[in-house]
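Chain residues, written in single-letter form:
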Amino acid sequence: MASGSLPTNWVAHTANEHVKLVSLTSSDAEYKKVESNFRATLGANRGNLTITAIDRIQNRTLYQQYIAKKAHLEKQNPGIENEKTIWHGTASDAIDNINNYGFNRSYCGKNATVHGQGVYFAINTNYSAHPTYSPPDPSGNRRVYQCRVLVGHPVQGNQNLRVLPPRQGPVLYDSATDNPGNPSMYVIFNDTQAYPEYMVTFK
């Protein structure tokens, strides 16, 4: 996906442009792939939601930090699937913070703490697209991010979990989950472990 340090499908940034949102058109293969991913796990909501926009988030700093963390985890955890493409619903007032600074617990951890006091990502869009996690803005638009998330070795979460426990010697677990045997969500405690790749706006 990446050429050098940035993905090959990104459009060029200007010299002073920290973040660039690129609106995809519905005829783009990239748009269609994200739309398919979004609709694949909507369950009963599949026919009820209309996508109004899909934007690619191009944040050079966040992406490079994420790729560095990914390289570290792949060296630490050989032979496992360290990365997943999963979902995060958000309110409109958090969009600028996420696009600029990523997933920080101070504005992303408002709704759920039952599996740990971190940032939550769902395997299924049906969870993230619930109005609790993606509330409508004044125009009725709701938003879910398709994210690349480094889950590594997960541990069973609990509501008191603030930091991840040791897994082996000084090495900590990489994330928490609701069910290590069959996860439906993951919780991360390190901001560099998730990248907001696309923002899906829908009604």
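Residues numbered from 1 in each chain as written. Predicted model: local features only at pLDDT ≥ 70, side-chain atom pairs only at ≥ 80, totals over all residues. Heavy atoms only, no water.

A. Focus on helix H1 (residues 29–40). In a regular helix each residue adds 1.5 Å, so 12 residues correspond to 16 Å; H1 covers 16 Å between its end C-alpha atoms and thus fits that length. Next to the buried residues of H1 lie strand E4 (51–59), strand E5 (83–90), helix H5 (125–128), strand E7 (142–150) and strand E13 (194–202). (Helix = DSSP H or I, 4+ residues; strand = E, 2+ residues; numbered from the N terminus. Expected span 1.5 Å × (residues − 1). Contact = heavy atoms within 4.5 Å.)

B. The arrangement of the side chain of threonine 90 in detail. Take threonine 90: it is sitting in strand E5. Residue threonine 90 is classed as buried on the basis of its relative accessible area, which comes to 6%. Residues within four places of threonine 90 in sequence aside, it is in contact with Ile95, Ile98, Tyr133, Ser134, Pro135, Arg143 and Tyr145. (Buried < 20%, exposed > 50% of the residue type's maximum accessible area, 1.4 Å probe, protein only.)

C. Structural context of the nonpolar core. Phe103, Phe121, Tyr145, Val149 and Tyr195 are the most contacted members of the largest nonpolar core, which totals 23 residues. At the level of elements, helix H2 (60–76), helix H3 (95–101), strand E6 (119–122), E7, strand E12 (185–188) and E13 are the ones that each hand at least two residues to this core. With 15 residues, the next largest nonpolar core counts Leu24, Phe38, Leu42 and Val144 among its residues. (Core = buried A, V, L, I, M, F, W, Y, C linked by side-chain atoms within 4.5 Å.)

D. Geometry of the pattern of salt bridges. Considering all chains together, one arrives at seven salt bridges under this definition. For glutamate 17, the salt bridge is made with lysine 20, and the minimal N-O distance between the two is 3.3 Å. The salt bridge involving glutamate 35 is made with arginine 39; its shortest N-O contact spans 3.4 Å. Remark: arginine 39 and glutamate 35 occur in helix H1; sequence separation between them is four residues, near one turn of the helix. Overall, glutamate 35 belongs to the partly exposed group, its relative accessible area being 24%. Each of Lys70, Glu83 and Arg148 takes part in one network of salt bridges that share partners. (Salt bridge = Lys/Arg side-chain N within 4 Å of Asp/Glu carboxyl O.)

E. Examining the environment of alanine 194 more closely. Tracing the backbone through its elements, the reader meets alanine 194 in strand E13. In this structure alanine 194 comes out as buried when scored by relative accessible area, which is 5%. Not counting chain neighbours up to four residues away, the residues in contact with alanine 194 comprise Tyr66, Phe103, Phe121, Arg148, Val149 and Ile188.

F. Representation of the side chain of arginine 142 within the structure. Within the element layout of this structure, arginine 142 appears in strand E7. Buried charge without a partner: arginine 142 forms no salt bridge, and the closest opposite charge is aspartate 137, 9.2 Å away. Within the structure, the side chain of arginine 142 is placed 3.0 Å from the backbone oxygen of serine 134, a separation counted as a polar contact. (Lys, Arg positive; Asp, Glu negative; His and termini not counted. Polar contact = N/O pair within 3.5 Å; in protein donor to acceptor, adjacent residues only side chain to side chain.)

G. Spatial organisation of the packing of aromatic side chains. If you walk through the whole model with that rule in mind, you get eight aromatic pairs. A ring pair is formed by tyrosine 63 and tyrosine 195, whose centres lie 5.5 Å apart and whose planes are at 85°; its orientation type is edge-to-face. A residue pair is termed long-range when its members are at least 10 positions apart, and tyrosine 63 in helix H2 and tyrosine 195 in strand E13 qualify at 132 residues. Between tyrosine 127 and tyrosine 133 the ring centres are 4.6 Å apart and the planes differ by 20°, which places this aromatic pair in the stacked class. (Phe/Tyr/Trp six-rings, centres within 6.5 Å; stacked < 30°, edge-to-face > 60°.)

H. Region of the structure containing the pairing of E12. Neither face of E12 is open: one carries Met185 and Val187, the other Tyr186 and Ile188, and all of them are buried. Where E6 meets E12, four bridges bridge the pair, whose relative direction is antiparallel. In the sheet register, valine 119 faces E12, and the bridge partner there is isoleucine 188. The pairing of strand E11 (residues 175–177) with E12 spans two bridges and is antiparallel. Looking across to E12, one finds that alanine 176 is bridged to valine 187. (Pairing = 2+ DSSP bridges.)

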